[in-house]
Number of protein chains: 4
Amino acid sequence: MSFSAQSKGVYAIATTPFLPDGSLDTPSVDRLTDFYQDSGCTGITILGIMGEAPKLEPSESRAIIRQVVGRSRVPVIVGVSAPGFAAMRSLARDAMDMGAAGVMIAPTPALRTDEQIINYFGQAVEAVGDDVPWVLQDYPLTLNVVMSVSVVAKVISNHSSCLMLKHEDWPGLEKISRLRALQKAGELRPFSILCGNGGMFLDFEPERGADGAMTGYGFPDMLTELIGLFAAGKRDEAHDLFDAHLPLIRYEQQLGIGLAVRKHVLKRRGVITSDAQRKPGLALSETARAEVDYLLQRLGRRDKRAAL
Amino acid sequence: MSFSAQSKGVYAIATTPFLPDGSLDTPSVDRLTDFYQDSGCTGITILGIMGEAPKLEPSESRAIIRQVVGRSRVPVIVGVSAPGFAAMRSLARDAMDMGAAGVMIAPTPALRTDEQIINYFGQAVEAVGDDVPWVLQDYPLTLNVVMSVSVVAKVISNHSSCLMLKHEDWPGLEKISRLRALQKAGELRPFSILCGNGGMFLDFEPERGADGAMTGYGFPDMLTELIGLFAAGKRDEAHDLFDAHLPLIRYEQQLGIGLAVRKHVLKRRGVITSDAQRKPGLALSETARAEVDYLLQRLGRRDKRAAL
Amino acid sequence: MSFSAQSKGVYAIATTPFLPDGSLDTPSVDRLTDFYQDSGCTGITILGIMGEAPKLEPSESRAIIRQVVGRSRVPVIVGVSAPGFAAMRSLARDAMDMGAAGVMIAPTPALRTDEQIINYFGQAVEAVGDDVPWVLQDYPLTLNVVMSVSVVAKVISNHSSCLMLKHEDWPGLEKISRLRALQKAGELRPFSILCGNGGMFLDFEPERGADGAMTGYGFPDMLTELIGLFAAGKRDEAHDLFDAHLPLIRYEQQLGIGLAVRKHVLKRRGVITSDAQRKPGLALSETARAEVDYLLQRLGRRDKRAAL
Amino acid sequence: MSFSAQSKGVYAIATTPFLPDGSLDTPSVDRLTDFYQDSGCTGITILGIMGEAPKLEPSESRAIIRQVVGRSRVPVIVGVSAPGFAAMRSLARDAMDMGAAGVMIAPTPALRTDEQIINYFGQAVEAVGDDVPWVLQDYPLTLNVVMSVSVVAKVISNHSSCLMLKHEDWPGLEKISRLRALQKAGELRPFSILCGNGGMFLDFEPERGADGAMTGYGFPDMLTELIGLFAAGKRDEAHDLFDAHLPLIRYEQQLGIGLAVRKHVLKRRGVITSDAQRKPGLALSETARAEVDYLLQRLGRRDKRAAL
């Protein structure tokens with residue numbers, strides 16, 4: 001169950017648990033790690049955008065890596081996107097030294113042309129070292145960098161250390177199809193595609209060629225079940241399961257407050273102690289919390305994992 | 001059933017039907033107008049972003065207004081957003097002369113500061129005339145202009161001719177609550193809020209204070225039913241209906257190909273003759289069409305309107 | 001002196017003169033046309049970004065084209081950039097029917113990837129007709145579309161009707177050098193490069209490979225003299241002339257108020273009757289006007305054209 | 001000569017000198033510090049956007065602060081802008097502990113509405129501590145955050161620890177006038193305004209109300225002389241000096257390669273050993289270097305500091 005171009009299943013995007021006073025909640029980090037594994041996740045990604053990475057001190061980032069890598073039996077990927085290559089390199093090297101399976105790199109928001117994007121990843125790979133396996137993150141909605149199919153293909157072709165695409169372009173189903181078509185045509189080597197966007201299109205992505213999901217939805221156990229149903233060819237059952245969760249998935253997929261929803265669900269499921277975020281962070285209003293709880297209650301009638 | 005600050009229900013965002021050769025499909029315009037009315041819509045909005053307005057010649061825009069206004073028994077709103085005030089003014093005056101109930105104005109994409117936005121709407125109202133009732137469109141995802149609650153409140157306060165907010169900020173539930181709270185506190189006069197975003201949050205927006213929806217989802221008859229259920233206090237039934245449609249609503253809410261999905265559904269429902277768009281426009285791939293049809297088939301088991 | 005891939009010299013970006021009441025100032029249009037020709041301009045570009053094109057009614061645009069084309073002995077290029085291809089096509093066809101030499105097309109602001117940009121110009125050429133000679137406008141600062149050298153080269157290669165690049169990337173000197181190097185290497189056919197950016201780098205652009213300028217600086221007679229000095233190999237004299245004008249060129253190159261400066265200078269030179277702009281438009285403050293006048297007075301000591 | 005709301009003169013934006021192998025060039029840091037002081041600068045700003053701050057390891061940032069603060073007799077301001085408040089806080093506290101006079105904070109690029117911007121600085125001040133004097137950086141061209149006059153005024157009013165505005169909006173002359181008018185009207189407390197933008201408008205900014213410049217132009221000795229001439233009421237002499245430098249100032253004010261020009265000039269003046277930048281960084285082409293040298297040679301005829 002290593003991190004490779006053949007990786008499948010669900011890589012959980014881990015939240016970073018804090019206590020109400022803003023300090024790192026170390027016991028919850030352990031519980032969260034166990035929870036993701038027990039949910040059937042085949043990997044864990046830490047310090048991603050939803051992991052509040054920029055709010056951490058460098059020493060805290062290292063502490064989290066050490067703790068999760070030390071406890072996890074599945075591969076751990078570390079988000080190392082940074083405004084400069086110095087910080088990216090040192091975090092990547094430290095992460096690999098501590099036993100991470102690889103890193104995840106997103107494009108820096110200023111990039112515009114194909115050439116700029118391709119060059120950026122060239123420099124990033126030079127910075128972290130071409131021996132470090134990595135995940136390419138394609139997330140235009142938040143990062144504001146649009147990578148065409150040919151650019152993704154070029155980056156993957158240029159760097160044999162790029163093993164996986166975290167796909168969260170929106171709309172993105174055709175992108176998966178077109179990338180897989182390039183592979184079929186022999187123009188692109190194998191690589192794994194795990195999908196993000198909170199799982200919003202996970203009812204169709206596997207059939208398009210995705211190998212699974214990399215997202216932080218509060219029910220990773222449902223995500224792994226869903227991927228399993230698709231792998232078993234049970235399309236209708238997969239959709240039934242997905243559709244039951246879609247109202248909550250959709251509610252969580254709100255930029256800004258999505259993380260608050262996610263932490264609230266994880267707290268209600270008993271995984272983390274507090275749903276606190278470090279500043280800046282949006283808290284759920286009382287109304288919003290009631291709405292999430294109503295969705296959970298409705299979901300609980302069909303999926304007992306949500307009957308809290 | 002006039003257009004006023006008390007307007008409720010569903011204003012359909014009308015697509016503009018074309019034939020495969022790119023010409024206007026006049027008979028379908030009539031059928032579409034009838035369909036929206038028969039679906040219980042309380043208004044129709046034409047020449048909006050999803051109405052392919054920028055692809056129309058000025059003469060074509062006028063022809064569509066004349067046709068829809070002439071046929072509709074419910075108020076017709078005309079989108080008049082334009083890169084310059086000259087075109088905005090002439091379209092608005094022409095629309096009103098032809099019997100439109102009002103116009104819809106979106107901010108021009110270059111606006112950034114609160115002051116710039118507020119001034120822009122001041123100039124827009126001066127251009128179209130302060131006797132023309134209008135809808136303020138708040139759609140950051142596409143227009144790239146972010147209006148805070150205080151800016152929306154200021155624009156509404158400045159212009160008594162602004163009767164309605166087309167709300168499609170995302171996330172946006174708190175925005176509705178905060179605007180209604182300002183009204184309750186007596187700091188803002190009454191105005192209607194109809195929600196867009198393809199209906200993606202219409203299971204909670206009415207309880208937050210929205211008066212209904214202004215969107216072009218292919219099942220306006222479901223939207224009016226939904227608003228009716230909320231009005232009748234049947235919360236659970238409303239959610240049941242909404243949840244059944246959410247997989248399709250979500251699929252349609254993909255920037256770029258959403259319109260293709262919408263036209264495909266309207267064609268399959270027999271309302272328009274062709275799902276053709278004028279260039280530039282994304283067509284559905286064969287796979288995507290099959291996905292939509294699969295969603296329709298699944299939906300058809302619960303809602304006979306989708307059993308096509 | 002036709003419009004071709006060999007065009008050289010200065011194409012004036014024409015302002016659109018209005019009277020204080022906002023009406024078109026027809027007599028000033030004639031005077032301005034004569035002024036540009038008498039200044040030695042080899043072409044005139046109308047209805048560009050600085051021509052307040054979006055503030056004009058379609059009928060007014062046509063009237064201006066007819067008037068300028070009818071009076072000018074040099075080629076007239078018409079800006080036809082528009083949010084949709086319908087308006088672009090009809091304006092382009094009308095312009096050509098009235099005797100314009102060609103049109104100018106800028107990318108629409110939403111474009112991001114190389115593929116999107118290249119496709120857009122493909123659709124634009126299809127819309128206006130591949131028999132219409134055109135200028136490709138590359139102006140990232142305002143249009144927010146970044147075209148790499150390879151994209152510009154691809155667009156030019158794809159469309160034999162593209163005869164000229166209006167170059168106003170910033171920084172952009174290397175872009176000119178790289179495009180000309182592609183030509184030298186036989187990878188790109190000949191095309192004209194005229195530079196914009198208000199002339200801010202016109203002291204080096206000709207040596208980099210530019211054929212001249214396309215800009216609306218209030219002293220087109222200086223621009224043509226400058227290009228002549230470079231053509232004659234008088235580098236130092238060219239720089240002396242340029243440096244004397246640079247303080248004013250720089251002052252004019254302020255987004256938003258640049259047009260107000262330009263109109264003020266043209267009014268003071270007796271070319272146009274009023275410096276009025278249509279809304280929205282920034283007027284010069286009294287202080288700003290005094291600053292411009294001070295710069296003109298200083299310039300007048302070295303260049304008698306500025307001694308007003 | 002402390003850092004206060006009454007600060008005047010020139011704060012040099014310090015480059016960070018590297019050796020060709022990418023290592024920090026410590027001796028050049030000393031020479032640069034001395035050079036700025038000997039040039040009459042009243043302050044030095046380190047780790048700004050042009051100081052390649054994101055390319056530094058945290059330990060390197062601290063080493064530079066220690067070295068410059070230890071050597072400088074004028075106040076040292078430290079740029080602490082960061083994607084997260086944790087890094088901002090720790091760098092700010094470390095800087096103050098080492099003897100910095102204050103910090104500089106720019107808005108994070110995602111901010112859009114007035115409310116978001118005002119809240120951001122509230123959180124930033126909470127993070128660094130309201131006892132830390134700071135400079136508000138207003139630089140829309142690069143940071144993509146537009147602050148209206150009322151927002152700048154609000155931030156300054158909210159935080160008594162904000163002593164200075166680094167003004168580099170473009171166009172920005174009216175902004176200075178309007179801020180000073182607010183002060184005159186008693187609606188805003190005193191604060192210093194130093195201007196950036198490479199000095200591009202420093203021939204008018206002092207008369208508009210600026211207290212001087214904060215920029216890194218390769219001739220800080222000219223900047224201090226210029227501010228002195230304005231202080232002495234010698235307007236024409238100030239413009240003569242400015243105009244002589246404007247061709248080079250303008251050449252340096254090219255986003256992306258500006259820093260390369262600046263380092264080249266500082267190297268030619270014997271201040272730094274190498275013009276190397278860390279990646280990513282644009283180097284000057286041979287042609288560009290020759291252009292800068294030509295500008296220096298022309299400038300050298302009027303200003304012997306440039307006769308190298």
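Residues numbered from 1 in each chain as written. Chains lettered and ligands numbered in written order. Predicted model: local features only at pLDDT ≥ 70, side-chain atom pairs only at ≥ 80, totals over all residues. Heavy atoms only, no water.

For the rest of this paragraph, the subject is the UniProt feature "binding site: pyruvate" (unreviewed entry) in chain A. All names here are of chain A. UniProt feature "binding site: pyruvate" (unreviewed entry): in the numbering of this structure it lies at Met214. On the secondary structure map, Met214 appears in strand E8 (residues 212-215). Excluding its chain neighbours within four sequence positions, the residues that come into contact with Met214 are Tyr11, Ile13, Thr45, Met104, Val135, Met164, Lys166, Leu194, Cys195 and Gly196. (UniProt positions renumbered as here; feature names shortened; annotations may be inferred. Helix = DSSP H or I, 4+ residues; strand = E, 2+ residues; numbered from the N terminus. Contact = heavy atoms within 4.5 Å.)

This brings us to the packing of helix H1 (residues 26-38) of chain C against helix H2 (residues 58-71) of chain C. All names here are of chain C. Where H1 meets H2, the axes come as close as 10 Å, and the angle between the chain directions of the two elements is 40°. Here H1 is positioned oblique relative to H2, judged by the angle of their axes. For the element pair H1 and H2, the recorded crossing hand is right-handed. Contact residues: Thr26, Val29, Asp30, Thr33, Asp34 and Gln37 in H1; Gln67, Val68 and Arg71 in H2. Looking at the contact of H1 with H2, its residues break down into two nonpolar, four polar and three charged. (Axes fitted to C-alpha atoms, helices over the stretch in contact; angles between N-to-C directions. Parallel < 35°, antiparallel > 145°, perpendicular 65-115°, else oblique. Left-handed = near helix turned anticlockwise from the far one by under 90°. Nonpolar A, V, L, I, M, F, W, Y, C, P; charged D, E, K, R; others polar.)

Moving on: the interface of chain B and chain A. Facing 33 residues of chain B, the contacting portion of chain A comprises 33 residues. Regarding the contact of chain B and chain A, the summed buried area is about 2900 Å², with carbon and sulfur atoms giving 54% of it. One can count nine salt bridges joining chain B with chain A. Taken together, the links from chain B to chain A amount to 15 residue pairs in polar contact (both at pLDDT 80 or more). Contributions of two or more residues to the side of chain B that touches chain A are made by helix H7 (173-184), helix H10 (235-252) and helix H12 (286-300) of chain B. The element that contributes the greatest number of residues to the side of chain B that touches chain A is H10 of chain B, accounting for ten residues. Considered class by class, the residues forming the side of chain B that touches chain A number 15 nonpolar, six polar and twelve charged. (Buried area = accessible area lost by both parts, 1.4 Å probe. Salt bridge = Lys/Arg side-chain N within 4 Å of Asp/Glu carboxyl O. Polar contact = N/O pair within 3.5 Å; in protein donor to acceptor, adjacent residues only side chain to side chain.)

Bringing the relation of the copies chain C and chain D into the picture now. Least-squares fitting of chain C to chain D yields an RMSD of 0.0 Å, with the superposition described by an axial translation of 0.0 Å and a rotation of 180°. Overall, the copies show the geometry of a two-fold rotation axis. An overlap of 100% is found between the interface residues of chain C and their copies at the interface of chain D, pointing to a shared contact surface. (Least-squares fit on C-alpha atoms with pLDDT ≥ 70 in both.)

Moving on: the packing of aromatic side chains. All told, the structure shown has 34 aromatic pairs over all chains when counted by the stated rule. For the ring pair Phe35 of chain C and Tyr36 of chain C, a centre distance of 5.8 Å and an interplane angle of 50° mean the geometry is tilted. In terms of burial, Phe35 of chain C and Tyr36 of chain C fall into one category: buried. When the ring of Phe85 of chain C is compared with that of Tyr120 of chain C, the centres are 5.2 Å apart and the planes differ by 35°; the resulting orientation is tilted. Pair noted here: Phe85 of chain C is in helix H3 (residues 85-97) and Tyr120 of chain C is in helix H4 (residues 114-128), with a separation of 35 residues, a long-range link. By relative accessible area, Phe85 of chain C is classed as buried at 5%. Aromatic rings pair up to connect Phe85, Tyr120, Phe121 and Trp134 of chain A into one cluster. Above the face of the Phe191 of chain B ring, Arg180 of chain B is positioned so that its terminal group lies 5.0 Å from the ring centre. (Phe/Tyr/Trp six-rings, centres within 6.5 Å; stacked < 30°, edge-to-face > 60°. Buried < 20%, exposed > 50% of the residue type's maximum accessible area, 1.4 Å probe, protein only. Lys NZ or Arg CZ within 6 Å of the ring centre and 35° of its normal.)

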